[in-house]
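Examination of the molecular architecture
Given next are the chains, with one letter for each unit.
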Amino acid sequence: MKGMLIKDFMLLKNQKQFFVTILVFAFLFFGMYDDTTFAFTYIVVLCTLFTISTISYDEYDNGMSYLFTLPISRKGYVKEKYVFGIISICIALIASTVLYFVFRMAKNQDYGVQELLIQLFTSLMVAMFMLAFSLPIQLKFGAEKSRIALLAVFGCIVAMGIIVVKLGESMNLDMGSYLAKVNGMRPQMLIAAGILIGIFAIFISCLISLRIIKKKEF
């Protein structure tokens, strides 16, 4: 796994223009808007997308066939992608937090620790679920077909959400009261619950990816 991590970080090192572009837009978002939620999510999501794109680099020009001639197991390959993804998310969150404090200080604004925690939590949840959904699809369908598959998956999620709301309305369930109860929960409980759900999603995703990679022929 160590060798694979070094390889992916070397790929990351070679994407200087990509990260310069992220930083430029991040500076713009942090500088122009007081609500920095979008800036946090923007940075973290793009770093997560880079993790997914490393599979495309590995697959390029029959690269997978070559990789598995090395002392790398399929199980180790999948685990490394999730570890690299989580490390990338953590680095992105740290960078976002540093930018948050720098711009708050430059604007003479209060740091707003609770606001920062909510933004970190939101970005973390988005990134974890994106990683959990995207990696198995990328491994299953490859670079080209995975885009269509991802659109189909997110379309199904939206459709299921609409169906749940419609069913609630038809059964005279007060969805607003349930949402109010969730919003009324203590932030610490929401964050803990969200992180546990995110970890569970990553765990299930990893099991699915392992099954996919074991059956795949290169």
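The shown structure was predicted, so the numbers you read here are calculated from the model rather than taken from an experiment.

A contiguous nonpolar patch, built from Val20, Val24, Phe25, Leu28 and Met32 and spanning about 460 Å² of accessible area, is present on the exposed surface. Looking at where valine 24 falls in the secondary structure, it is placed in helix H2 (residues 16–32). Valine 24 sits in the partly exposed class, given a relative accessible area of 45%.

So, on to the packing of aromatic side chains. One pass over the structure, following the stated rule, counts 1 aromatic pair. Relative to phenylalanine 84, the ring of phenylalanine 9 lies with its centre 5.0 Å away and its plane at 75 degrees, an arrangement referred to as edge-to-face. Here phenylalanine 9 is found in helix H1 (residues 2–13), whereas its partner phenylalanine 84 is found in helix H5 (residues 74–106), with 75 residues between them in sequence. Taking the relative accessible area as the measure of exposure, phenylalanine 9 reaches 29% and is therefore partly exposed. The exposure class of phenylalanine 84 is buried, given its relative accessible area of 0%.

Among the nonpolar cores identified, the biggest contains 42 residues, and Phe30, Ile43, Tyr77, Val78, Tyr82, Ile89 and Leu139 are the most heavily contacted of them. Counting only elements with at least two residues in this core, the list comes to H2, helix H3 (37–59), helix H4 (63–67), H5, helix H6 (113–170) and helix H8 (187–215). Broken down by element, the residue count for this core peaks at 10 residues, all from H6. Sequence-distant contacts of isoleucine 89, defined by excluding residues within four places in its chain, comprise Val44, Thr48, Leu124, Ala127, Met128 and Leu131.

In the predicted model, the protein chain carries a mean pLDDT of 75, and 74% of its residues have values of at least 70. No element of the protein chain has a lower mean pLDDT than helix H7 (residues 175–183), at 52, and none a higher one than H5, at 84.

Attention shifts here to the packing of H1 against H5. Two elements in contact, H1 and H5, have axes whose closest approach is 10 Å; the angle formed by their N-to-C orientations is 45 degrees. By the angle between their directions, the pair H1 and H5 is classed as oblique. Like other packed secondary-structure pairs, H1 and H5 cross with a definite hand, here right-handed. Seen from H1, the contacting residues are Met4, Leu5, Lys7, Asp8, Phe9 and Leu12; seen from H5, they are Tyr77, Glu80, Lys81, Val83, Phe84, Ile87 and Ile91. Tallied by class, the residues present in the contact of H1 with H5 amount to 9 nonpolar, no polar and 4 charged.

Cut-offs used in this document
- Residues numbered from 1 in each chain as written.
- Predicted model: local features only at pLDDT ≥ 70, side-chain atom pairs only at ≥ 80, totals over all residues.
- Heavy atoms only, no water.
- Patch = residues over 30% accessible without salt bridge, like charges linked within 9 Å, V, L, I, M, F, W, Y side chains within 5 Å.
- Areas by Shrake-Rupley, 256 points an atom, 1.4 Å probe, with all protein chains shown as cover.
- Salt bridge = Lys/Arg side-chain N within 4 Å of Asp/Glu carboxyl O.
- Helix = DSSP H or I, 4+ residues; strand = E, 2+ residues; numbered from the N terminus.
- Buried < 20%, exposed > 50% of the residue type's maximum accessible area, 1.4 Å probe, protein only.
- Phe/Tyr/Trp six-rings, centres within 6.5 Å; stacked < 30°, edge-to-face > 60°.
- Core = buried A, V, L, I, M, F, W, Y, C linked by side-chain atoms within 4.5 Å.
- Contact = heavy atoms within 4.5 Å.
- pLDDT = per-residue confidence, 0-100.
- Axes fitted to C-alpha atoms, helices over the stretch in contact; angles between N-to-C directions.
- Parallel < 35°, antiparallel > 145°, perpendicular 65-115°, else oblique.
- Left-handed = near helix turned anticlockwise from the far one by under 90°.
- Nonpolar A, V, L, I, M, F, W, Y, C, P; charged D, E, K, R; others polar.

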